[in-house]
Amino acid sequence: MIWTTLLLFHGVLVLFLILSNRSRSKKEPPLDKGIIPWLGHALDFGKDAAKFLTRMKLKHGDIFTVRVAGHYVTVLLDPNSYDAVLQDPVTLDFTRYAQVLMQRIFSLSLPNHNTSTEKALMRRHFQGESLACLNSIMEGNLQALLRSEMLQDKANWKQDGLFNFCYSLLFRAGYLTLFGGEHNNHDRDSSAVYKEFRVFDSLLTKMARNTLNPEEKRTTSSVRQRLWRLLSLAPPGKKAEDSTWLQSYLQHLQEEGVEEEMQRRAMLLQVWATQGNVGPTAFWLLGFLLTNPEAMNAVKREFNGLSLQADLPQRPPLDKFQNTPVFDSVLNETLRLTAAPFITREVLHSKTLRMADGQEYDIRRGDRVCLFPYISPQMDPEIHKEPEKFKYNRFLNADGSEKNDFYKGGKRLKYYTMPWGAGKNVCVGRHFAISSIKQFVFTVLTVLDLEMCDPDSAMPKVNASRYGFGVLQPETDLDIRYKLRGVF
Ligand code: HEM
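In this text the structure is predicted, and so the values were computed from the model without any measurement.

K.L.:
Residue-level account of the overall build of the chain, with values.
P.N.:
When you go through the chain residue by residue, the secondary structure sums to 18 helices and 13 strands. Counting across all 488 residues of the chain, residues that qualify as buried make up 37%. At a minimum sequence separation of 6, the contacts of the chain that also span at least 24 residues come to 73%.

K.L.:
Give me the lowdown on the UniProt feature "binding site: substrate" (unreviewed entry) in the chain, citing residues and values where you can.
P.N.:
UniProt records the feature "binding site: substrate" (unreviewed entry) at Arg104, Leu110, Asn277 and Arg368, using the numbering of this structure. As for its position among the elements, Arg104 is in helix α5 (residues 95–106). What makes Leu110 partly exposed here is the crowd of 19 C-beta atoms within 10 Å. Ignoring any residue separated from it by four or fewer positions in sequence, one finds Leu110 in contact with Val258, Met262 and Ala266.

K.L.:
So what about unusual backbone geometry? Which residues, and what values?
P.N.:
A negative phi angle characterises most non-glycine residues, just as the trans form characterises most peptide bonds. That bond from Ser376 to Pro377 is cis: its omega, 15°, falls within 30 degrees of zero. Note on placement: Pro377 falls in helix α17 (residues 374–378). A positive phi angle, close to 60°, is found at Trp38, a residue other than glycine. Note on placement: Trp38 falls in the loop between β1 (31–32) and α2 (42–47).

K.L.:
Got a sec to walk through the site of the ligand? Specific residues and values, please.
P.N.:
Taken together, 23 residues lie around the ligand, and Asn277, Gly421, Asn425, Cys427 and Gly429 are the ones closest in. Of all the secondary structure elements, the ones that give two or more residues to the shell around the ligand are α6 (115–125), α13 (260–275), α14 (278–290) and α18 (430–447). Class assignment for the residues of the shell around the ligand results in 15 nonpolar, 7 polar and 1 charged.

K.L.:
Explain the pairing of strand β6 (residues 343–347) residue by residue, including any values.
P.N.:
Most of β6 is tucked away: 5 of the 5 residues are buried. Of the two faces of β6, the one carrying Ile343, Arg345 and Val347 and the one carrying Thr344 and Glu346 are both buried. Relative to β6, strand β4 (residues 92–93) runs antiparallel, the two sharing 2 bridges. Along β6, the bridge assignment pairs Leu92 with Val347. As paired strands, β6 and strand β9 (residues 368–371) are joined by 4 bridges and run antiparallel to one another. The residue bridging Ile343 from the neighbouring strand is Leu371, located in β9.

K.L.:
Residues and numbers for the sheet that holds strand β12 (residues 448–452), please.
P.N.:
Pairing in this open sheet of 3 strands is antiparallel, and the strands run β5-β13-β12 from one edge to the other. Edge strands, defined here as strands with exactly one partner in the open sheet, are β5 (158–161) and β12. On average, each strand axis in the sheet is tilted by 30° relative to the strand beside it, whichever way the strands run. Examined bridge by bridge, β12 and strand β13 (residues 479–484) share 5 bridges and lie antiparallel to one another. Residue pairing for β13: Asp449 is matched across the bridge by Lys483.

Definitions and limits used
- Throughout, residues of each chain are indexed from 1 in the direction in which the sequence is written.
- For this predicted model, a pLDDT threshold of at least 70 governs which residues receive local features, and a threshold of 80 or more governs which side-chain atom pairs are given and counted, while totals over whole chains, interfaces and linings are taken from all residues.
- Starting at the N terminus, helices and strands are each numbered in turn, a helix being any DSSP run of H or I of at least four residues and a strand any DSSP run of E of at least two.
- With C-beta atoms placed from the backbone, a residue counts as buried when 20 or more other C-beta atoms lie within 10 Å of its own, as exposed when 12 or fewer do, and as partly exposed for counts between those limits.
- Whether two residues are in contact depends on their C-beta atoms, placed from the backbone: they are in contact if these lie within 7 Å.
- UniProt positions are given in the numbering used here, feature names are shortened, and annotations may be inferred rather than shown by experiment.
- Being near a molecule or strand means, for a residue, that its backbone-placed C-beta atom lies within 6 Å of it.
- Under this grouping Gly is polar, as are all residues other than the nonpolar Ala, Val, Leu, Ile, Met, Phe, Trp, Tyr, Cys and Pro and the charged Asp, Glu, Lys and Arg.
- Each pair of strands is called paired provided DSSP finds at least two bridges between the two strands.
- Axis definition: a line fitted to C-alpha atoms, over the contacting stretch in the case of helices. Angles run 0 to 180 degrees between N-to-C directions.

Here it is in structure tokens:
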């Protein structure tokens, strides 16, 4: 028996050494396995991916392969070459890695799921007339929530953390807009979902990396259960064309034979995809305005102009809201500094990647390819001068129009900032996200007096463990106070 165990152990060890003993062939990108067998660079990657990948870029250049927890990931950091990855969705697949994350984070498995139909549904409901309709429901929900918040005490200052203030209002309004059927008790449900979601969200990166400790595992399991219970399934619309996005989505799952339990889990995934980045973006944007008076004045001037144009003291109609170059520049700059998703694809067949400078690199089937636009273009000093600074007019020309010409290596860039991804998998909800943030900032700045409790406060540091997972979150909150300015 002991000999069998020893032999088995020996066999596993040899297999492990063979598997972890990969070497670089001549045409492959530089390979950096790190010193820890199997784990490779997983610890550095998880602690602060931006710092780690910047170090690797200095060591190896714009393309290299690193070992991370048993996987080989080829990281590409030259924006002029991003199309080599983004324009090949057949070999470089979005869905497989997304399914791994779905299982780890949401305990969700949709094996025969038709993602094209799902995406077509989303496109239909998040553009054109449907988008205009969603925008106006969102506006109503935002106003109603803010009003009920302020009604309790109109005269006095209220205190909160800016992150919680933004995330809570935008999450609840967005949740009511997209998930709040008539059968729901709006206020109570949305607050309960928000409260549980924040606990879930705080553990999300650890779930994705499989690094939860036993206590965190228990917490995620119970918070997930509570969220699944809270997310009630919307009844289908009477006619297909009257259905909301959620009703159509659930109907699509039912037609695929997905059971009710899995449908609830899919709802949590959708709550995260639609609500997880909007509130944090509004936090950074308002924080940058509060700590940059010149930017705040420029945005307020633009918003005041809109209200006057529309002959309304407070709210311009939504179509007047389209032309806001100053706000758009502030939003682009905010996202340049804080949107840090990994754009990850699984290599389905070995292929040769051709870089913009003509160099060619082989990449292997089964590996992953990862773009990290946060390092370049977004924080690249060759493209954006003093990239660590917030400059509200970075995306404005001298004549006030949108600036979109940025260069690297003498070449005009197609991708000079990339918060929404690009190519076939570009964010479907970006127009809704932009409108929601704009409406929120407009409402807050027009109906509230909002200030930092300590006028000398600086913006908090980012939570470095969240690089790779969308919009960053702060390490600590920023204390603010606010009160109603006049009638609302
Ligand atoms: C500030 C807010 C948001 C940011 C920064 C953001 C960012 C992104 C990024 C970077 C991707 C591409 C991922 C990749 O290529 O690997 C993406 C995809 C996606 N986003 Fe967003 N997003 C935001 C808000 C929203 C909202 C509000 C919705 C829906 C209402 C949404 C729905 C989606 C969907 C469905 C996809 C997947 C597209 C596909 O499967 O091809 N997002 N988003």
